[in-house]
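A look at the structure
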Amino acid sequence: MTHAHQIKVPATYMRGGTSKGVFFRLKDLPEAAQVPGKARDNLLLRVIGSPDPYQKQIDGMGGATSSTSKTVTTANAGSAQ
């Protein structure tokens, strides 16, 4: 499996109970990922380690199950997409 080069994106990693989340400000995402679609989906999935051939999301910030791994984008009211 080949991957695109790595980029820096400011984020905050939070944990509560068994759940984990990586939080992003929408304006900090690459321009193509600032709107809903494939670019955003691919970025957020890679952050948590998906796709993973073992389905354990061990190659990223995610946990061992998809139900405990989250990605969140935040924006000011009125500017969210």
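Residues numbered from 1 in each chain as written. Predicted model: local features only at pLDDT ≥ 70, side-chain atom pairs only at ≥ 80, totals over all residues. Heavy atoms only, no water.

Note: strands within a sheet are paired through backbone hydrogen bonds, in either parallel or antiparallel orientation. Taken in spatial order, the 3 strands line up as β1-β2-β3 in an open sheet, and their pairing is mixed. Because the sheet does not close on itself, it has two edges, and the strands there are β1 (12–16) and β3 (69–74). The average undirected angle you get between the axes of adjacent strands in this sheet is 25 degrees. In the sheet, β1 pairs with strand β2 (residues 19–25) via 5 bridges, with the strands oriented antiparallel. Looking at β2, one finds that Arg15 is bridged to Lys20. (Pairing = 2+ DSSP bridges. Helix = DSSP H or I, 4+ residues; strand = E, 2+ residues; numbered from the N terminus. Axes fitted to C-alpha atoms, helices over the stretch in contact; angles between N-to-C directions.)

Take the nonpolar core next. Among the nonpolar cores identified, the biggest contains 8 residues, and these are Val22, Phe24, Leu26, Leu29, Ala33, Leu43, Leu44 and Val47. If you list the elements that add at least two residues to this core, you get β2 and α1 (38–47). Per element, the largest residue contribution to this core is 3 residues, and it comes from α1. With residues up to four places along the chain from it excluded, the contact list for Leu29 reads Val9, Phe24, Gln34, Leu43 and Thr73. (Core = buried A, V, L, I, M, F, W, Y, C linked by side-chain atoms within 4.5 Å. Buried < 20%, exposed > 50% of the residue type's maximum accessible area, 1.4 Å probe, protein only. Contact = heavy atoms within 4.5 Å.)

These values are about where atoms sit, not about what they do.
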